[in-house]
Amino acid sequence: AKVVEHDFEVAYVDAAPDCYAKTVIGINGVYPGPTIRAVQGDILKITFHNYIATEGITMHWHGIRQVGSAWADGTAAVAQCPILYGESFTYEFIVDRPGTYFYHGHFGSQRAAGFYGALIVDLPAGKHEPYHYDGEHMIIVNDWWHRPIVTQEQGLEAIPFKFVGDPQSLLLEGRGRYNCSAVPTYTPAAISCNQTDERCAPHVMKVERGKTYRLRLASVASLSSLNFKIEGHKMKVVEADGHNVQPFWTDNLDLYSGETYSVLVSANMPGDNYHLGLNVRGREDHNVPTGLGILNYNNAPVRQPSTPAPKGPAWDDFEASKRQARKYKALKHNPDPTSHALDRHAKVTRTLILLTTQQKLKGHIKWAINNVTYAPLPTPVLAGLVYNISGSYDTAPPPDKMPADYNIYAPPPVTETNKGSGVYQFKTGDVVDVIIQNCGNLQNISENHPWHLHGHDFWILGYGDGKYDPKTSPKTFNLKNPPMRNNVPTFPFAWTAIRFKLDNPGAWPFHCHIEWHVHLGMGVVFAHGIEEVRAKGIPNSVLGCGLTKQLFKLR
Ligand code: C2O
Ligand code: CU
């Protein structure tokens, strides 16, 4: 194993991802951030220098479990104190599994400000994936707004609530297209919009006819469920969230925020250029234009085809999404032994049934889990647990179960929720089933929430429509070949069941990956193995805020 080192300078930079000039968070002057590449088992040492005068930053390594390095997970308020202006901080951790990952800011809504990039972990030399390809490409997809994140956050926190609304555009590798003529001329906004800006030229994926490509995809979307399609080409799905899956063919791929995939694409069509297309799913798209890129053959002159933009299933065709979600099955002979199959005899030691409701807190709209909206406190929870600091988190644990008689098809009967910072604590070795129950929101609409777990991967045991029944629903679980992942959708008025083994000491958020939802409290924290973390110690460099700052006389 080698050490992969990078120095990342973080500052606001001028960008025009969809032709509309906007200030975004750049790394070493560029947006999106540079791709980090390493080999399984390598040690990553990534140093961040914060040049943003008015904001702290943290960086999360999405999909990397941080075995033995929980403090490096990059979650503000849970793993660490934010890196302040003028300060530098080095994340050091091992990339223990091959696969497609990404990194993104995990403080406030900085991911939505463009603070992200790709992280690819290759197999060591001499080891091979169970599929063949001649070349590879990476595309991060995203939804994009013109208003700054502070404006969007302020609206979400305001009374009355002001929703961020539909994205202005959809981006592939940080490039998309906004219709500048939709902006009134002679306004300051019109000056910010220029369709001939080179920075919003469509993303081009170059291929050679006759070859097969591994296309790695990741969604860092702030809100939208997305669907990706390549005009005239089918995709063979082989990897999901860093785990190989039983391959299947599809002509459109659902991507929820926080998910990564690899698909194989054969360049076997006669033309020079084909559309890459990205559309909104699961939420009425109100004319959000298809995000377009170009698949270009043999270095032919690049031009956007004049054929219609590719469209996947209709936005409200939830059945198509469920069918696709159920296609994911673990690959039996996975070359990576840590990508272990489900132990069917493992005894489940605890079951959580988490009801996710939209409620209010003194007039502010919030998302809550079993009637608690997560409100982070300034001291990192990990340190609070390790050093037993009273006041660093709520010591009363949040509820394990939803009320048995809850009607999921109605708005919440009690509108007012509770604010909390409690932690679900487990023992190392516990095997936990978590059921996420989706229900009607304040308007009795139910939407898709993609849930992401830090520090562990989980088996997806199943999805079911309606209300979870502790007696009958487990009979439908897939205990034969459930896929292992770290991200999972929950469909409208439906439940999702996952299982995982607590084998990586630390404090780990489990939250909806929609940036605007986690901002409104849609998450919980799981912790275990605190004694082990205490024995290893936590570096002082993550403790310079809140109560740890006082306790250790830092700063
Ligand atoms: Cu990619 Cu906690 O998130
Ligand atoms: Cu959500």
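These figures come from a predicted structure and were not determined experimentally. (Residues numbered from 1 in each chain as written. Chains lettered and ligands numbered in written order. Predicted model: local features only at pLDDT ≥ 70, side-chain atom pairs only at ≥ 80, totals over all residues.)

Participant: Explain the confidence of the model for the chain to me, using residue names and the numbers behind them.
Facilitator: Confidence in the prediction for the chain averages 95 pLDDT; 98% of positions are at 70 or higher. On the interface metric, ipTM, the complex scores 0.98, and its pTM is 0.97. (pLDDT = per-residue confidence, 0-100.)

Participant: Can you explain the UniProt feature "domain: Plastocyanin-like" (unreviewed entry) in the chain? Please cite residues and give values.
Facilitator: Feature annotation in UniProt assigns "domain: Plastocyanin-like" (unreviewed entry) to the following positions: residues 10-123, 136-300 and 416-528. Between the end C-alpha atoms of residues 136-300 the distance is 19 Å, and the span holds 8% helix and 43% strand. With 4% helix and 47% strand, the stretch residues 416-528 has end C-alpha atoms that lie 31 Å from each other. (UniProt positions renumbered as here; feature names shortened; annotations may be inferred. Helix = DSSP H or I, 4+ residues; strand = E, 2+ residues; numbered from the N terminus.)

Participant: So, the pairing of strand S26 (residues 449-453): which residues are in play, and what are the values?
Facilitator: Of all five residues making up S26, five are buried, and the element is well covered by its neighbours. Here S26 shows a buried face lined by His449, Trp451 and Leu453 and a second buried face lined by Pro450 and His452. As judged from the four bridges shared by S26 and strand S29 (residues 487-490), these two strands associate in the antiparallel manner. Bridge pairing links Pro450 to Pro489 in S29. The sheet contact formed by S26 and strand S31 (residues 506-512) spans three bridges and is antiparallel. Across the sheet, Trp451 pairs through a bridge with Cys512, a residue of S31. (Buried ≥ 20, exposed ≤ 12 C-beta atoms within 10 Å, placed from the backbone. Pairing = 2+ DSSP bridges.)

Participant: I'd like a rundown of the sheet that holds strand S19 (residues 291-297), residues and numbers included.
Facilitator: Taken in spatial order, the five strands make up an open sheet running S11-S19-S18-S13-S16, and their pairing is mixed. The outermost strands of the open sheet, each flanked by one partner alone, are strand S11 (204-207) and strand S16 (253-255). The average undirected angle you get between the axes of adjacent strands in this sheet is 25 degrees. Here strand S13 (residues 225-230) pairs with S16 via three bridges, running antiparallel. When the bridges of S16 are listed, Asn227 appears paired with Asp254. (Axes fitted to C-alpha atoms, helices over the stretch in contact; angles between N-to-C directions.)

Participant: Quick one: what's the story with the sheet that holds strand S4 (residues 43-50), residue by residue and with numbers?
Facilitator: Read across the sheet, four strands follow the order S2-S1-S4-S6 without closing on themselves; strand pairing throughout is mixed. The outermost strands of the open sheet, each flanked by one partner alone, are strand S2 (22-27) and strand S6 (88-94). Within the sheet, the average angular offset between the axes of one strand and its neighbour, ignoring direction, is 20 degrees. One ladder, built from seven bridges, connects S4 with S6; its direction is antiparallel. Following the sheet pairing, His49 is matched in S6 by Ser88.

Participant: Would you mind going over the nonpolar core in detail, with residue names and values included?
Facilitator: Judged by nonpolar contacts, the single largest core of 154 residues is most densely connected at Val141, Leu382, Ala507 and Val525. Among the domains, domain 1 (3-326) and domain 2 (350-551) are the pair contributing at least three residues each to this core. Setting aside its immediate chain neighbours within four residues, Ala507 contacts Ala70, Val78, Val381, Leu382, Leu385, Val423, Val525 and Ala527. (Core = buried A, V, L, I, M, F, W, Y, C linked by C-beta atoms within 7 Å. Domains from an automatic or database assignment. Contact = placed C-beta atoms within 7 Å.)

Participant: Describe the domain arrangement of the chain, listing the residues and the values that go with them.
Facilitator: By the assigned domains, the chain splits into domain 1 (3-326) and domain 2 (350-551). Using only C-alpha atoms to locate each centre, domain 1 and domain 2 end up separated by 25 Å. Elements with a minimum of two residues in the side of domain 1 that touches domain 2: helix H1 (149-157), strand S15 (243-250) and helix H3 (318-326). With five residues, H3 is the single largest residue contributor to the side of domain 1 that touches domain 2.

Participant: Go over the environment of Glu416 with me, naming the residues and quoting the values.
Facilitator: Structurally, Glu416 is set in the loop between helix H4 (381-386) and strand S23 (418-420). Spatially, the C-alpha atom of Glu416 lies 23 Å from that of Phe510, the residues being 94 residues apart in sequence.

Participant: Break down unusual backbone geometry for me, citing the residues and quoting the values.
Facilitator: In this structure, the amide linkage connecting Tyr31 to the following residue, Pro32, adopts the cis form with an omega of -10 degrees. Mapped onto the secondary structure, Pro32 falls in the loop between S2 and strand S3 (36-39). In the segment running from Ile159 into Pro160, the intervening peptide bond is cis, with an omega of -5 degrees. Of note, Pro160 is situated in the loop between H1 and strand S10 (169-172). Backbone geometry at Lys362 places phi at a positive 50 degrees, although glycine is not the residue there. Phi at Asn388 takes a positive value of approximately 50 degrees, unusual for a residue other than glycine. Within the secondary structure, Asn388 is located in the loop between H4 and S23.

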